[in-house]
Every structure is written in structure tokens, then in C-alpha cells.
Amino acid sequence: MTKHSVSLHPDVEKVLIDSAALQARVRELGAEISRDYEGRVPILLGILKGSVIFLGDLLKSLSIDCWVDFIGVSSYGGGRHSTGEVRLLLDLRESAAGKDLILVEDIMDSGLTLHYLLDTLKARNPRSIEICTLLDKPKCRKIPIEAKYVGFKIPNEFVIGYGLDHQERYRNLPYVGVMKSGK
Ligand code: PRP
């Protein structure tokens, strides 16, 4: 935490998870996924846009063969609260039929996004489908849904950085931070 205090973005109230802790936990998740999928070639399906940094780091920590694809959805419209309506913005390029899918998400909040994606993708008959989320806010759930792989459980605070945005800004911060209120 102190490591970033000098370069803390002025809109960030505090660092919740620093870069070293993120890297260490992502390496653990990569090792766990590599063990679980030994002998298979899963598709890591990055959910745009928030997952991109996490997905990049996770990929580097996998010791198994894998494919990468992307799916684009949005439910927040740039704001702090989910609109409740999930929109599919970009579909994956590969067929999901018969594949082992790992949905890679930056954060699970209400669960609406992943509920929608699970419904949509299960209809395409993948062999298996699991969720890997960097952050989980279990107290905010509106739909009961669980991820198999969770980086960190966090309290109900509005977080930015390491891929997560507010009105498209702050995705480039190397840490996960709590945004100052009123920003
Ligand atoms: C965010 C985040 C998740 C979703 C989680 O996406 O990346 O996909 O919200 O919230 P939920 O569990 O309440 O559905 P957002 O719609 O902000 O798009 P982005 O990833 O492009 O920033």
C-alpha cells in the first residue's frame, strides 16, 4: 500500500489491493486453473472491457495450453450503478460447442452480467463452463451465482483500477483503489 502512496491518483481515496498482492494472487489462480485443466485446452473468455489487464496477467501464469476469446457486455453505462439491463456488444469469434469455457471477469457485483452470460453460453452446449473473477462483492448479489475461482472478496465500495473504470477512466491504474466519493 505505501509503495503507491507517492503516485496515488488524486481521485483515489485509498489503495485496496496493491500491485504486488494482485500479481501474487493472479499467479496462484493461474496455478490452480493449470492443475484443474491439465490435459484440456480451455477457452479463456475475457469479458470486455474490465477484464483485460487481469486476463493478460492470468494468461502469463498458465502452464497449460489455452485459447483466448472475448465477449463484450455492458450493464453500467459508465455509471456507478447497474442499469439492470445487460447488453451484448460483441460476441465471441469461436464456437462454444464442446469447449471448456472459463469466463474471466474483473468483478462480480449484482451478478446480473454473469447470470446473463451463463444463460446465453450454456445454450450453445459447451462441455463445461466456469467463472474466474478477480474481485467478488458477495454482499451486493441480486442473483445467487458463485464463481469457482475468486481472487479477492471485497466490501461494498466503488473500486477502480487494474481494468476497472468509472466513465471509462482509471483502467490503467496498477492497483485496485477505492474512488473518492463525489467524483
Ligand atoms: C462491470 C464489470 C462486470 C459487471 C459486474 O462491467 O466489468 O462485467 O460490471 O457487475 P454485475 O455483477 O452487477 O453485473 P461494465 O458494465 O461496467 O462494463 P466494462 O467492463 O466495460 O467497464
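Our structure's up above, just so we're on the same page.
Every chain begins its residue count from 1, and numbering advances along the sequence as written. A pLDDT threshold of at least 70 governs which residues receive local features in this predicted model, and a stricter bar of 80 or more applies before side-chain atom pairs are shown or counted, although totals over entire chains, interfaces and linings include all residues. With hydrogens and water stripped out, all remaining heavy atoms of the structure feed into the side-chain values.

S.K.: I'd like a rundown of the overall build of the chain, residues and numbers included.
M.R.: Counting secondary structure elements, the chain contains three helices and nine strands. In sequence order, the secondary structure elements of the chain are arranged as β-α-β-α-β-β-β-α-β-β-β-β. Computation of the radius of gyration draws on C-alpha atoms alone. For the globule rule, the value is 2.2 Å times the number of residues to the power 0.38. Computed over C-alpha atoms, the radius of gyration of the chain comes to 16 Å, within 12% of the 16 Å expected from 2.2 N^0.38 for 183 residues, which places it in the range of a compact globule. For the C-alpha atoms alone, the extent of the chain along its principal axes is close to 50 × 35 × 25 Å. Note on classification: 1.4 Å probe, protein chains only; a residue is buried when its accessible area is under 20% of the maximum for its type, exposed when over 50%, partly exposed between these limits. Across the 183 residues that make up the chain, the buried fraction comes to 51%. Residue pairs at least 24 apart in sequence account for 67% of intrachain contacts in the chain once pairs closer than 6 positions are excluded. In this description, accessible areas are obtained by the Shrake-Rupley approach with a 1.4 Å probe, and a residue is regarded as covered only by the protein chains that are shown. Surface exposure of the chain reaches about 9,000 Å², of which carbon and sulfur atoms provide 50%. For the purpose of counting charges, residues Lys and Arg are taken to be positive, whereas Asp and Glu are taken to be negative. His and the chain ends are not included. Note that the charge is assigned to NZ on lysines, CZ on arginines, CG on aspartates and CD on glutamates. Put simply, the chain has 25 plus and 24 minus side-chain charges, and the middle of one group is 3 Å from the middle of the other. In this description a helix means any DSSP run of H or I spanning at least four residues, a strand means any run of E spanning at least two, and both kinds are numbered starting from the N terminus. Whether two residues touch is decided by their heavy atoms; if any such pair falls within 4.5 Å, the residues are in contact.

S.K.: An account of the sheet that holds strand β5 (residues 100-108) is requested, with residue identities and associated values reported.
M.R.: Overall, mixed pairing links the six strands, which are arranged β4-β3-β2-β5-β6-β7 in an open sheet. Two strands bound the open sheet, and with one partner strand each, they are β4 (87-90) and β7 (149-153). Between one strand and the next, the sheet's axes are offset by a mean angle of 25 degrees, whatever the strand orientation. Where strand β2 (residues 43-48) and strand β3 (residues 67-74) come together, six bridges link them in parallel fashion. Bridge assignment links Ile43 to a residue of β3, and that residue is Trp67. The sheet strands contacting helix α1 (residues 19-36) are β5, β6 (128-136) and β7, and the helix crosses β7 at an angle near 160 degrees. Axis definition: a line fitted to C-alpha atoms, limited for helices to the stretch in contact. Angles are taken between N-to-C directions and run from 0 to 180 degrees. On top of the sheet, helix α3 (residues 112-122) reaches β2, β3, β4, β5 and β6; it is set at about 165 degrees to β5, its chief contact. At least two bridges found by DSSP between two strands is the condition for calling them paired.

S.K.: Tell me about the side chain of Arg141, and name the residues and values.
M.R.: Within the secondary structure, Arg141 sits in the loop between β6 and β7. In terms of polar contacts, Arg141 uses its side chain to reach the backbone carbonyl oxygen of Asp109, at 3.1 Å. Filtering out sequence-adjacent residues up to four positions away, Arg141 remains in contact with Met108, Asp109, Ser110, Gly111 and Asp136. We call two N or O atoms a polar contact when they sit within 3.5 Å, provided that within protein one can donate a hydrogen and the other can accept it, with sequence-adjacent residues counted only if both atoms are side-chain atoms.

S.K.: Tell me about the packing of α1 against helix α2 (residues 52-60), residues and numbers included.
M.R.: One way to put it is that α1 packs onto α2 with a least axis distance of 8 Å and a crossing angle of 60 degrees. With respect to α2, the axis of α1 lies oblique. As α1 runs across α2, the sense of the crossing is right-handed. Contacts from Gln23, Val26, Leu29, Gly30 and Ile33 of α1 reach α2 at Phe54, Asp57 and Leu58. For classification purposes, an angle smaller than 35 degrees is called roughly parallel, one larger than 145 roughly antiparallel, one from 65 to 115 roughly perpendicular, and anything else oblique. Take the far helix as your reference; a near helix turned counterclockwise from it by less than a right angle gives a left-handed crossing, and one turned clockwise gives a right-handed crossing.

S.K.: Could you give an account of α3, naming the residues involved and the relevant values?
M.R.: Since there are 3.6 residues in each turn of an α-helix, residues three or four apart along the chain are aligned in direction. Burial in α3 covers these residues: Leu112, Thr113, Leu114, Leu117, Leu118 and Leu121. Against β2, β3, β5 and β6 lie the buried residues of α3.

S.K.: How would you explain α1 if you had to name every residue and give the values?
M.R.: The terminal C-alpha atoms of α1 lie 26 Å apart, and with 18 residues this matches the ideal 26 Å at 1.5 Å per residue to within 8%. Every buried residue belonging to α1 is among Ser19, Leu22, Arg25, Val26, Leu29, Gly30, Ile33 and Ser34, and all of these are buried. Packing partners of the buried residues in α1 comprise β1 (12-17), α2, β5, β6, β7 and β9 (176-179). The backbone nitrogen of Ala20 has a side-chain oxygen 3.3 Å away, supplied by the residue at the start of α1, namely Asp18. What a helix should span is 1.5 Å times the count of its residues minus one.

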